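Listed here are the chains, written in short residue letters.
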Amino acid sequence: MELKDNTVFDCSVIDMAKIHSDSGNITVMENGNNIPFEVKRVYYLYDVPSGEVRGGHAHYELQQYIIAASGSYDVVLNDGVNTRRISLNRPNLGLHIVPGLWRELVNFSSGAICLVLASEKYNENDYIRNYNTFLKLKK
Ligand code: TYD
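Summarised in this report is the structure supplied together with it. (Residues numbered from 1 in each chain as written. Predicted model: local features only at pLDDT ≥ 70, side-chain atom pairs only at ≥ 80, totals over all residues. Heavy atoms only, no water.)

1. Some points on the site of the ligand
Spelled out, the test is: Put simply, a residue is near a molecule or strand once any heavy atom of it comes within 4 Å of that molecule or strand. Throughout this description, a polar contact denotes any pair of N or O atoms lying within 3.5 Å of each other; where both atoms belong to protein, one of them has to be capable of donating a hydrogen while the other can accept it, and for residues adjacent in sequence the pair is counted only when both atoms sit in side chains. Here the accessible surface of atoms and residues is derived via Shrake-Rupley with a 1.4 Å probe, and residues count as covered only by protein chains that are part of the display. Only DSSP runs of H or I with at least four residues qualify as helices, and only runs of E with at least two residues qualify as strands; both kinds are numbered from the N terminus onward. Side-chain classes follow a simple rule in which Ala, Val, Leu, Ile, Met, Phe, Trp, Tyr, Cys and Pro form the nonpolar group, Asp, Glu, Lys and Arg form the charged group, and the remainder, Gly included, forms the polar group.
In the vicinity of the ligand, the contacting residues are Arg-41, Tyr-43, Leu-45, Arg-54, Gly-55, His-57, Tyr-122, Tyr-127 and Arg-129. Contact distances for the ligand include 2.4 Å between an oxygen atom and a side-chain N or O atom of Arg-41. Between His-57 and the ligand, the recorded distance is 2.7 Å, taken from a side-chain N or O atom to an oxygen atom. For the ligand, whose accessible area on its own is 530 Å², the fraction buried by protein is 61%. At the level of elements, β4 (41-45) and β5 (54-59) are the ones that each hand at least two residues to the shell around the ligand. Residue classes in the shell around the ligand are distributed as four nonpolar, two polar and three charged.

Structure, rendered in structure tokens:
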């Protein structure tokens, strides 16, 4: 399988609309509307102990759209040349992660919830979990 030659600059942070009222806010994610792919899977990461690092892998094909549904964390993206650190700290910010990038999720606040919308069902064969393998495939 070929690893896509995307760079960290192909990822975008999207400021999603809020339906505001005095009793609270709603933000909507809808296939064919404000999500850059068809969503096939949704999962969320929670109860991450302070100081823990998640991610630490790349994907061949998977696209993800991730949100800090509660709390905050930072996403460190790496394309083998450039790194980019994005802080997700508001529930209406979405980060679109394109395939072919190494990513780590760090600096989780207490109670943080990382909500992930994914373009494919879970497939372990889509992962590259070794950083040196990733660097070789990016060359
Ligand atoms: P992983 O994607 O490595 O987690 P993270 O990037 O958040 O650190 O997945 C951790 C474990 O969970 C791994 O054994 C695979 C399993 N898993 C599933 O079975 N299904 C899924 O949809 C996901 C995302 C993970």
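2. Comments concerning the environment of Ser-23
Summarising the element assignment, Ser-23 is placed in the loop between β2 (19-21) and β3 (24-26). A distance of 2.9 Å separates a polar atom in the side chain of Ser-23 from a polar atom in the side chain of Ser-21.

3. So, the nonpolar core
This is how it is decided: Think of a nonpolar core as a cluster: buried Ala, Val, Leu, Ile, Met, Phe, Trp, Tyr and Cys residues, connected wherever their side-chain atoms sit within 4.5 Å. When accessible area is computed with a 1.4 Å probe and restricted to protein chains, residues below 20% of their type maximum are described as buried, those above 50% as exposed, and intermediate ones as partly exposed. In this description, contact between two residues means that some pair of their heavy atoms is separated by no more than 4.5 Å.
Counting residues in each nonpolar core, the largest one holds 21 residues, and the members touching the most others are Ile-66, Tyr-73, Val-75, Leu-88, Leu-95 and Phe-108. Breaking this core down by element, the ones donating at least two residues are β6 (64-70), β7 (73-78), β8 (83-88), β9 (93-97) and β11 (113-118). What Phe-108 contacts, discounting residues up to four positions off in sequence, is Leu-45, Val-48, Glu-52, Arg-54, Ser-72, Tyr-73 and Cys-114. Judged by nonpolar contacts, the second largest core, of seven residues, contains Ile-35, Tyr-65, Leu-115 and Leu-117.

4. Examining the sheet that holds β11
Where we set the bar: Pairs of strands are assigned from DSSP output, requiring at least two bridges between the strands. For helices, the axis comes from a line fit to the C-alpha atoms of the stretch in contact; other axes are also lines fit to C-alpha atoms, and the angle between any two N-to-C directions lies between 0 and 180 degrees.
Across the sheet, five strands lie side by side as β1-β9-β6-β11-β4; this open sheet has antiparallel pairing. In this open sheet, the two strands that pair with only one neighbour each are β1 (12-15) and β4. Adjacent strand axes in the sheet meet at a mean angle of 25 degrees, parallel and antiparallel pairs treated alike. The pairing of β4 with β11 spans five bridges and is antiparallel.

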